[in-house]
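Architecture and fold: a report
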Amino acid sequence: MSIGFFIVGGVIFAFYMFFTIWNIFYSGKKQIEENYPNIAKKK
């Protein structure tokens, strides 16, 4: 049973890390768009 807790905890931690990193990049991108609207986007 303890290995099950370890696996479930690892999955929850992986989701937490993914969404934390995604939130950092998304917030940074949104802040640039709001504060510097005239900067051309790289495409």
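Look up: the structure comes first, before these words.
Summarised in this report is the structure supplied together with it. Predicted model only: the values in this text are computed from it and were never measured.

When helices and strands are tallied, the protein shows one helix and zero strands. Expressed as lengths along the three principal axes of its C-alpha atoms, the size of the protein is roughly 55 × 20 × 5 Å. Split into buried and exposed, the 43 residues of the protein put 0% on the buried side. Carbon and sulfur atoms form 71% of the exposed surface of the protein, whose accessible area is close to 4500 Å².

Following the criterion strictly, the structure yields two aromatic pairs and no others. Pairing F18 with F19 gives two aromatic rings, centres 5.1 Å apart and planes at 75°, and the pair type is edge-to-face. Among the residues examined, F19 registers a relative accessible area of 45% and is labelled partly exposed.

For the rest of this paragraph, the subject is the environment of G10. Summarising the element assignment, G10 is placed in helix α1 (residues 2-35). Residue classification places G10 among the partly exposed positions, given a relative accessible area of 38%. Linking G10 and I32, residues 22 residues apart in sequence, is a C-alpha distance of 33 Å.

Each value, and the rule that gives it
Residues numbered from 1 in each chain as written. Predicted model: local features only at pLDDT ≥ 70, side-chain atom pairs only at ≥ 80, totals over all residues. Heavy atoms only, no water. Helix = DSSP H or I, 4+ residues; strand = E, 2+ residues; numbered from the N terminus. Buried < 20%, exposed > 50% of the residue type's maximum accessible area, 1.4 Å probe, protein only. Areas by Shrake-Rupley, 256 points an atom, 1.4 Å probe, with all protein chains shown as cover. Phe/Tyr/Trp six-rings, centres within 6.5 Å; stacked < 30°, edge-to-face > 60°.

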